[in-house]
Amino acid sequence: MNIISPAKYHLLGFIPGWILAVLFVIVGIGLFTYIMTKRVLPLLKAAPDNSRLSQIPERLIQTLKVWFLQVKQPRYMVGGVLHILIFFGFLTLALRTSSLVFIGINEHFAIPFLGHEDILGKIYNVMKDYAATLVFIVCAIAAVRRGIVRPKRYAVPAKYGHDHTNEAVFVLAVIMGLMLTESLYEAALAASGVALHIAPLTLAWLCSKILAGMSQGVLQFIHVYAYFAHDFLFFFFLCFLPFGKHFHVITSIFNVVFMRVQRGNIKPVQYGVDAEGLDDLESFGVKKLEDFTWKHMLDFYTCADCGRCSDQCPANLVGRPLSPRFITIKARDLMFKNYPLVGKNLESEPLIGSIYEDDEIWSCTTCGACEQECPIGIEYIDKIVDLRRGMVDEGEVPQTLQKPLKALGKRGNPWGKMEKKRADWALKDKEFAEVCEVKVLEKGATAESLYFVDSITSYDDRMVDIAKSTAKILDKSDVDFGILGKAEKDSGNEVIRFGEEMLFQQLKDANVDAIEESGVKSIVTADPHAYNAIKNDYAEVDLPVEHISETIVNKVKAGTLKLKSVIDSSKVYTYHDPCYLGRHNELYAEPRAAIDAIPGLTRVEMEKHSDRSLCCSGGGLMLFYEPEEEERMAVLRVKMAAEAGATVIVTACPFCLVNMEDAIKVAGMDDTMEAIDLAELVEQHME
């Protein structure tokens, strides 16, 4: 007695198997199409985003690296490796699962060149047997890890509802079922005597050994019903995916294809509307669900609820009312609610006060740690900024921010100090002026390079030392430079990120005009926030922009800038990566190279460094914001420096220096720790 194929087998004695297989296809594909049509509907009603169809080569490379090669997964090694194994196992088995759907209709169906007697087919069958075995084992491990071990980042605070452990374990069980049923399907054939190329020590091989010696009737039953169980699980799994966090299995590739290519910039208020057209807009920012762009809604669908974003979020770490993970999950749940699979769509309500709280949105430092960590291209900063734009448009600005924003509009700096005092650090300090002459680019004066100082370094009594050190470095390096003086306004890096779009445009326009009138050919700054704004937000400025760390490294290499041995060899230095120099602009090596250029200096790394650096919380207007938090971010950072064995924290940002020096006092470490800016450190060691 030969084993009858599922296509020819009569279930219950009278139902041809091929009919059931066809019904599975019709019902499964039909349901999936209906569900996906409903899921796509809110994206069609979302705000446009025409930036996602440009830079195709870069997007293809990004997709290859992030989606296919899964380069971000090993950042969390155990979970990442498990995911990679499941991912590639799934890809390997995709052809097999697809062919099985048609084998139930036509027993002779085979994908070209992958039949059982084809050489490629034999190779593939061995690969898929090992892939199925690997996926089965890895899913079992992942189920134990998720259901019993339960890493902390998967936990869900009570205010956000229940966690998704049951869903995760259930899906892993379904995947294991798919692997087992496919293996049983072939094992029954092999046990019946059919010559199959089953790879040794695989799940199918083990099943064939267990089934060996059973009657043909039992093997026939297992062969057919394993097939239909596999078919059912496949279509059930396909239709189940769009109901929760596993939707990312379908959407992740699209999300990665359309993820941002350029970093550091902020999306426009509305795509297709330039600065001149802003006055004609009736509303700014995101106020209801449909105000988000279609890409941001795709983000909501794509979240895998892995918790990596919130695990790295400094605001979440210090107990502020923000968890990036739930910014996404709450919006996804709202999409499911407002656009149900059955029944009428619901009217969208204001997001602030319903699913989001204002403190939650203002708590973000825009450091970019969440976006850096996400393995599937979910973006947060633009969403946060758009929500802030909506609140600013409604007049809902935190009390502590109202005064600095007003001062920025009136005087071009958040302290409201006189414009003419912006260059006092260079002109009024006679001792400094004697050793370093700084040109003010006005009344026809010009220079090769512009030193853009920005507000805090111009006005703060402590931070002007950074300006002086930067000027001395440029002077010593034979750089022909000058400053804008009273013509300079705040760069506006934080203004735009706090949702004050019109104020940002005002500051930017003034700076662009001043830069153009100065006639400079390049720009240098010691402030990462100014660096980021001019480089990424000032589209009108087409000049090379350098951070002082880049200038130092270039001049040291050229031999123009010579540095002497470290003054105190007993000190141990550590470098703190500023968010807007590191994550937003990927300048990690240059500041370290500048520090290491000092002979005899000892430098160590903190636990969180480079693209995982911990934000100091001080960027721009955050100096004026008073959030609820359990501990200051900068205090945590100082403790990290101490744990690394450092005695000196080197910053490359005036805001970071403000926070580090303050945190050292708060932590009671005045006698064991100090902070210094990179420019100050290098200036101290110039020959």
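A brief structural summary. Just so we're clear, the structure is a prediction, and the values are computed from it rather than from any experiment. (Residues numbered from 1 in each chain as written. Predicted model: local features only at pLDDT ≥ 70, side-chain atom pairs only at ≥ 80, totals over all residues. Heavy atoms only, no water.)

A look at the pairing of strand β10 (residues 648-651)
Right, on to step 1. Every second residue of β10 is oriented toward a common face, with V648 and V650 on one face and I649 and T651 on the other, all of them buried.
Right, on to step 2. Two strands pair when backbone bridges link them, and strand β8 (residues 572-575) and β10 are joined in this way by three bridges, in the parallel orientation. Note that in β10 the partner of T574 across the bridge is I649.
Right, on to step 3. Where β10 and strand β11 (residues 674-677) come together, four bridges link them in parallel fashion. Paired with T651 across the two strands is D677, which belongs to β11. (Buried < 20%, exposed > 50% of the residue type's maximum accessible area, 1.4 Å probe, protein only. Helix = DSSP H or I, 4+ residues; strand = E, 2+ residues; numbered from the N terminus. Pairing = 2+ DSSP bridges.)

What about the side chain of E371?
Right, on to step 1. The topology assignment puts E371 in helix α14 (residues 369-373).
Right, on to step 2. Put simply, E371 is tucked away with no salt bridge, and the nearest opposite charge, on R260, sits 4.1 Å away.
Right, on to step 3. Only 2.8 Å separates the side chain of E371 from the backbone nitrogen of Y380, close enough to count as a polar contact.
Right, on to step 4. Here I381 takes part through its backbone nitrogen, which lies 2.8 Å from a polar atom of the side chain of E371.
Right, on to step 5. Sequence-distant contacts of E371, defined by excluding residues within four places in its chain, comprise K72, R260, I378, E379, Y380, I381 and D382. (Lys, Arg positive; Asp, Glu negative; His and termini not counted. Salt bridge = Lys/Arg side-chain N within 4 Å of Asp/Glu carboxyl O. Polar contact = N/O pair within 3.5 Å; in protein donor to acceptor, adjacent residues only side chain to side chain. Contact = heavy atoms within 4.5 Å.)

Concerning the packing of helix α3 (residues 77-103) against helix α7 (residues 216-240)
A pair of packed helices is characterised by two quantities: the angle between their axes and the separation of those axes.
Right, on to step 1. Interhelical geometry of α3 versus α7 gives an angle of 115° and a closest axis separation of 11 Å. Pair α3 / α7 crosses with left-handed handedness. Here α3 contributes F90, T97, L100, V101 and I103 to the contact with α7, which in turn contributes Y227, H230, D231, F234, F235 and F237.
Right, on to step 2. Its residues assigned to classes, the contact of α3 with α7 shows eight nonpolar, two polar and one charged. (Axes fitted to C-alpha atoms, helices over the stretch in contact; angles between N-to-C directions. Left-handed = near helix turned anticlockwise from the far one by under 90°. Nonpolar A, V, L, I, M, F, W, Y, C, P; charged D, E, K, R; others polar.)

Topic: the layout of surface pockets
Right, on to step 1. What the largest pocket holds in volume is close to 1,200 Å³.
Right, on to step 2. Counting only elements with at least two residues in the lining of the largest pocket, the list comes to α2 (56-68), α3, α4 (119-149), α5 (165-191), α7 and α8 (248-257).
Right, on to step 3. Ranked by the residues each element gives to the lining of the largest pocket, the list is headed by α3, at 12 residues.
Right, on to step 4. Of the residues belonging to the lining of the largest pocket, the class tally is 29 nonpolar, 10 polar and six charged.
Right, on to step 5. Put simply, the second largest pocket is a space of about 670 Å³.
Right, on to step 6. Taken together, 30 residues form the lining of the second largest pocket, with N265, I266, K267, P268 and N536 sitting closest to its centre.
Right, on to step 7. Elements with a contribution of two residues or more to the lining of the second largest pocket: α15 (381-393), α22 (501-518) and α23 (528-537). (1 Å grid on protein atoms, 1.4 Å probe; cavity = no way out; pocket = protein on both sides within 12 Å on 5 of 7 lines; lining within 4 Å. Points joined across faces, edges and corners; volume = space filled by probe spheres on them.)

Re the sheet that holds strand β4 (residues 449-451)
Right, on to step 1. Ordered in space as β3-β5-β4-β6-β7, the five strands form an open sheet in which the pairing is parallel. Edge positions in the open sheet fall to β3 (439-440) and β7 (545-547), since each of these has one partner strand only.
Right, on to step 2. Judged from the two bridges that link them, β4 and strand β5 (residues 481-483) form a sheet pairing that is parallel. Across the sheet, residue L450 finds its bridge partner in β5, namely G482.
Right, on to step 3. The strands that helix α20 (residues 464-476) touches are β4, β5 and β6 (522-525); relative to β4, the one it contacts most, it runs at about 160°.
Right, on to step 4. Where α23 meets the sheet, it contacts β6 and β7, and its direction lies at approximately 165° from that of β7.

Section: the packing of aromatic side chains
Right, on to step 1. Counted by the stated rule, this structure contains 25 aromatic pairs.
Right, on to step 2. Three or more aromatic residues joined by ring pairs form one cluster here, namely F24, F170, Y185, Y227, F228, F232, F236 and F240.
Right, on to step 3. Positioned above the aromatic ring of Y380, the side-chain terminus of K383 is 5.3 Å from the ring centre. (Phe/Tyr/Trp six-rings, centres within 6.5 Å; stacked < 30°, edge-to-face > 60°. Lys NZ or Arg CZ within 6 Å of the ring centre and 35° of its normal.)

Focus: the environment of K472
Right, on to step 1. Mapped onto the fold, K472 is located in helix α20.
Right, on to step 2. Look at K472 and you get partly exposed, because its relative accessible area is 24%.
Right, on to step 3. Taking the C-alpha atoms as reference points, K472 and D311, separated by 161 residues in sequence, lie 41 Å from one another.
Right, on to step 4. If near-sequence neighbours (up to four positions away) are discounted, K472 is found in contact with F432, V435, C436, E683 and M686.

Digging into helix α16 (residues 399-411)
Right, on to step 1. End to end, α16 covers 19 Å across 13 residues, agreeing with the expected 18 Å (1.5 Å per residue, within 8%).
Right, on to step 2. Listed in full, the buried residues belonging to α16 are L401, P404, L405, A407 and L408. With its buried residues spanning 160° around the axis, α16 presents them on a single face. Every exposed residue of α16 that faces more than 90 degrees away from the buried side is listed here: Q399, K403, K406 and K410.
Right, on to step 3. Buried-residue contacts for α16 involve α13 (358-362), α21 (493-497) and α22.
Right, on to step 4. Where α16 ends, the next residue or the one after it, G412, has phi of about 80°, a positive value. (Expected span 1.5 Å × (residues − 1). Arc of directions from axis to C-beta.)

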